[in-house]
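# Close look at the chain arrangement
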Protein chains: 2
Amino acid sequence: MNIPSYKQVDKAHIRVRQYAHRTPILSSTSINRITGAKLLFKCENFQKVGAFKFRGAINAVMSLSDGAAGRGVATHSSGNHAAALALAARKRGIDAYVVMPENAPDIKKKAVAGYGATIYFCKPTLKARESALAEVIAETGATEIHPYDNSDVISGQGTAAKELLEDEGDLDLVLAPVGGGGLLAGTALSVSHLSPGTKLIGCEPEGADDAYRSFLKGEIVPSNNPKTIADGLLTSLGNRNFAIIKEKVEQIVTVSEDSIVEAMRLVWERMKIVIEPSSAVPLGAILEGKIDPRNQKIGVIISGGNLDLENLPF
Amino acid sequence: MNIPSYKQVDKAHIRVRQYAHRTPILSSTSINRITGAKLLFKCENFQKVGAFKFRGAINAVMSLSDGAAGRGVATHSSGNHAAALALAARKRGIDAYVVMPENAPDIKKKAVAGYGATIYFCKPTLKARESALAEVIAETGATEIHPYDNSDVISGQGTAAKELLEDEGDLDLVLAPVGGGGLLAGTALSVSHLSPGTKLIGCEPEGADDAYRSFLKGEIVPSNNPKTIADGLLTSLGNRNFAIIKEKVEQIVTVSEDSIVEAMRLVWERMKIVIEPSSAVPLGAILEGKIDPRNQKIGVIISGGNLDLENLPF
């Protein structure tokens, strides 16, 4: 198993920064007053395709040999990774094949199609996704780019935290949501190397708490029928991801659905930015008292801003 | 009638920039593709109190003599100006008295109260507002700061376009929404002075088209039972505002409710920023074909981002 180190994040950044936005870091006087902390939000909702996922996808696609790239790339994804891979493939001028669950949000289906990928729909189970993907790969010879359990993807995702630490040194704490663990593992590589004194906490919905349970048990405990509004965090931890997370992350905390919605609403209302529910989990952890934010300088990775505006929880 | 010129905008900026954010100018690859233009959005939704109104309010409050300031400031407003005046008064350490219609959005009532102003509720008619305000002023000796028909307010609002033109020269066109005309008149002072070759078009909801009709007729035609989702644009043009607008604005266009909602949704979805319906009117005018945007470099003033998230039109 090829597990990346910080050196890969550093190399990834050379590729990523040619194609991705260096997203802004925003703060809010009123959210700071409410929480008693100094919160610095790294806004990957402003990233290409509206999510940090573009970083990992572009790194993976640009790392392929010409021969492999010529046969295209393939993945299964509930959304943001699919759009990200489709755009990354277009940037390299190669084909992208995407297996998506038929119940994925409309906005994500449209985005993937809009970036020119070929979509295959399947039942919304991991098994159905994996077998559909295996068929596509057998047919096309495409390289699978896993949404999170992939060394180049993890390294690419780590570039968001690298930029955060370059722009705002001296953080007491960094918070990131955790689903499959691509963002959290990549963030862990950057934080542990660039700012060893900064703690990193992964934030997870109560209703999809496999990372929390895996972290406690010291081995991967897969999700069992996860359910949360944070639809980007339904997946279980990947192997590479867990290997990094268990070594470099301080703690995983879980957050209730109510707190996720409250945090999302607070960000929309006070900061005037659109974030998806998955992005609200870290602030939800603070509002719920799972993390004591007082007098801390805290970096929060806002993972994305893609959601169906017809299906808002408020 | 004291009508400001660009010189007052220039002086206002010295005061305004000490207290207000220099808001970012954002663009969107996908909205540019959809419209065929290069659109540059001056994002006053990120301004203090979530709207451009803070610029005019802080300029007016900071322009008062110490004697007048000591007796406080008063206004009637459906929302953003009230919050802006309340915060401006707090910055100077003086009292603010605000007459608000009882049906103003909750988020705006809370904001005004949160900034420490004393609120007086009245019926939602101009007459009720004016008589309530006259009583408050008779009682306190406060100075009225009108939401738009006020020279210092107009000058302050003009600083947003001044920053836009400083940061992005060479615009073919500037678009701003028009209600009472504070923003449009201030914008006209800056555009006509700083970039005389740039056209300025005011954008107004069909359901509150008094500026459009006034512009055509050459004299103020007050609103008659205006109705639009763009609740910041319900008021009729002020006298000072019209005097400036009829001289320096190229054209007023009207926009349907459907186009306003479509534009608002497009900005939320593609740019991941929260804007209020009033801010969506200029892009609505483009989507509706009222303005030909092709191959033009267009500055759009996004007026604010305050709205009740429970009452979204999608």
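Source: prediction; values computed, not measured.

## Observations regarding unusual backbone geometry
Glycine aside, the phi torsion of most residues is negative, and most peptide linkages are trans. Despite not being glycine, asparagine 295 of chain A shows a phi value in the positive range, around 60°. By the secondary structure assignment, asparagine 295 of chain A is in the loop between helix 13 (281-287) and strand 10 (297-302). Its identity as a non-glycine residue notwithstanding, asparagine 225 of chain B has a phi of 55°, on the positive side. Following the sequence through the fold, asparagine 225 of chain B ends up in the loop between helix 10 (210-217) and helix 11 (239-248). Under the C-beta neighbour-count criterion, asparagine 225 of chain B is labelled exposed, with 7 such atoms within 10 Å.

## Some words on the interface of chain B and chain A
Listed per partner, the contact involves 14 residues of chain B and 15 residues of chain A. By residue class, the composition of the side of chain B that touches chain A is seven nonpolar, three polar and four charged.

## Description of the sheet that holds strand 3 (residues 73-76) of chain B
Residues and elements named next belong to chain B. Overall, parallel pairing links the four strands, which are arranged 5-4-3-6 in an open sheet. Bordering the open sheet on either side are strand 5 (118-122) and strand 6 (143-144), each of which pairs with just one other strand. As paired elements, strand 3 and strand 4 (residues 96-101) share four bridges and run parallel to each other. Paired with histidine 76 across the bridge in strand 4 is valine 99. Helix 7 (residues 126-140) rests against strand 3, strand 4, strand 5 and strand 6 of the sheet, and its axis sits at about 170° to strand 3.

## Considerations on the domain arrangement of chain A
All names here are of chain A. Per the domain assignment, the segments making up chain A are domain 1 (6-51 + 153-308) and domain 2 (54-144). On a C-alpha basis, the centroid separation for the pair domain 1 and domain 2 is 24 Å. Facing the 24 residues of domain 1 at the interface are 19 residues of domain 2. Sorting elements by how many residues they give to the side of domain 1 that touches domain 2 places helix 8 (residues 151-167) first, with seven residues. The residue inventory of the side of domain 1 that touches domain 2, partitioned by class, reads 11 nonpolar, nine polar and four charged.

## Overview of the packing of helix 3 (residues 53-63) of chain A against helix 5 (residues 80-92) of chain A
Between two packed helices, both the angle of their axes relative to each other and the distance between the axes serve to describe the pair. Residue and element names in this part refer to chain A. Their axes nearest at 8 Å, the elements helix 3 and helix 5 cross at an angle of 40°. Looking at the two axes, helix 3 sits oblique to helix 5. In this structure, helix 3 crosses over helix 5, and the sense of that crossing is right-handed. Here Lys53, Phe54, Ala57, Ile58, Val61 and Met62 of helix 3 come into contact with helix 5, specifically with Asn80, His81, Ala84, Leu85, Leu87, Ala88, Ala89, Lys91 and Arg92. Partitioning the contact of helix 3 with helix 5 into residue classes produces 10 nonpolar, two polar and three charged.

## Focus on the environment of glutamate 257 of chain A
Residue and element names in this part refer to chain A. For glutamate 257, the position within the fold is in helix 12 (residues 257-271). Take glutamate 257: there are 17 C-beta atoms within 10 Å of it, and that puts it in the partly exposed class. Contact partners of glutamate 257, with chain neighbours within four places excluded, come to Pro205, Gly207, Thr228 and Ile229.

## Considering the pairing of strand 10 of chain A
Residues and elements named next belong to chain A. With five of its six residues buried, strand 10 lies for the most part within the structure. Bridging between strand 2 (residues 38-43) and strand 10 involves six bridges; their strand directions are parallel. Counted as the bridge partner of leucine 40 is glycine 299 from strand 10. By the bridge criterion, three bridges tie strand 7 (residues 173-177) to strand 10 in an arrangement that is parallel.

## Regarding the packing of helix 1 (residues 6-19) of chain A against helix 3 of chain A
Residue and element names in this part refer to chain A. The geometry of helix 1 relative to helix 3 is characterised by a closest axis approach of 9 Å and an angle of 110° between their N-to-C directions. Considering their axes alone, helix 1 and helix 3 lie roughly perpendicular with respect to each other. Crossing of helix 1 against helix 3: the hand is right-handed. Across the interface between the two elements, Ala12, Arg15, Val16 and Tyr19 from helix 1 touch Arg55, Ile58, Asn59 and Met62 from helix 3.

## With respect to the relation of the copies chain B and chain A
For the match of chain B to chain A, the screw axis carries a shift of 0.0 Å, the RMSD comes to 0.0 Å, and the turn is 180°. Both copies are brought into coincidence by an operation consistent with a two-fold rotation axis. No C-alpha of chain B lies nearer the rotation axis than that of isoleucine 273 of chain B, which sits 2.1 Å from it. A high fraction, 100%, of the interface residues of chain B reappear at the interface in chain A, so the copies pair face to face through one surface.

## A look at helix 9 (residues 182-194) of chain B
All names here are of chain B. Its 13 residues give helix 9 an end-to-end C-alpha distance of 18 Å, which sits within 8% of 18 Å, the value for a rise of 1.5 Å per residue. By the criterion of burial, helix 9 is predominantly enclosed, with 10 of the 13 residues buried. Where helix 9 is concerned, the buried positions are Gly182, Leu183, Leu184, Ala185, Gly186, Thr187, Ala188, Leu189, Ser190 and Val191.

## What about the environment of phenylalanine 242 of chain B?
Residue and element names in this part refer to chain B. Here phenylalanine 242 shows up in helix 11. Judged by C-beta crowding, with 25 C-beta atoms within 10 Å, phenylalanine 242 ranks as buried. Aside from chain neighbours lying at most four places away, what touches phenylalanine 242 is Gly181, Ser214, Ile220 and Leu237.

## Quick word on the pairing of strand 2 (residues 38-43) of chain B
The pairing of strand 1 (residues 25-26) of chain B with strand 2 of chain B spans two bridges and is antiparallel. By the bridge assignment, isoleucine 25 of chain B is partnered in strand 2 of chain B with lysine 42 of chain B.

Here is what the cut-offs are and how they apply
- Residues numbered from 1 in each chain as written.
- Chains lettered and ligands numbered in written order.
- Predicted model: local features only at pLDDT ≥ 70, side-chain atom pairs only at ≥ 80, totals over all residues.
- Helix = DSSP H or I, 4+ residues; strand = E, 2+ residues; numbered from the N terminus.
- Buried ≥ 20, exposed ≤ 12 C-beta atoms within 10 Å, placed from the backbone.
- Contact = placed C-beta atoms within 7 Å.
- Nonpolar A, V, L, I, M, F, W, Y, C, P; charged D, E, K, R; others polar.
- Pairing = 2+ DSSP bridges.
- Axes fitted to C-alpha atoms, helices over the stretch in contact; angles between N-to-C directions.
- Domains from an automatic or database assignment.
- Parallel < 35°, antiparallel > 145°, perpendicular 65-115°, else oblique.
- Left-handed = near helix turned anticlockwise from the far one by under 90°.
- Least-squares fit on C-alpha atoms with pLDDT ≥ 70 in both.
- Expected span 1.5 Å × (residues − 1).

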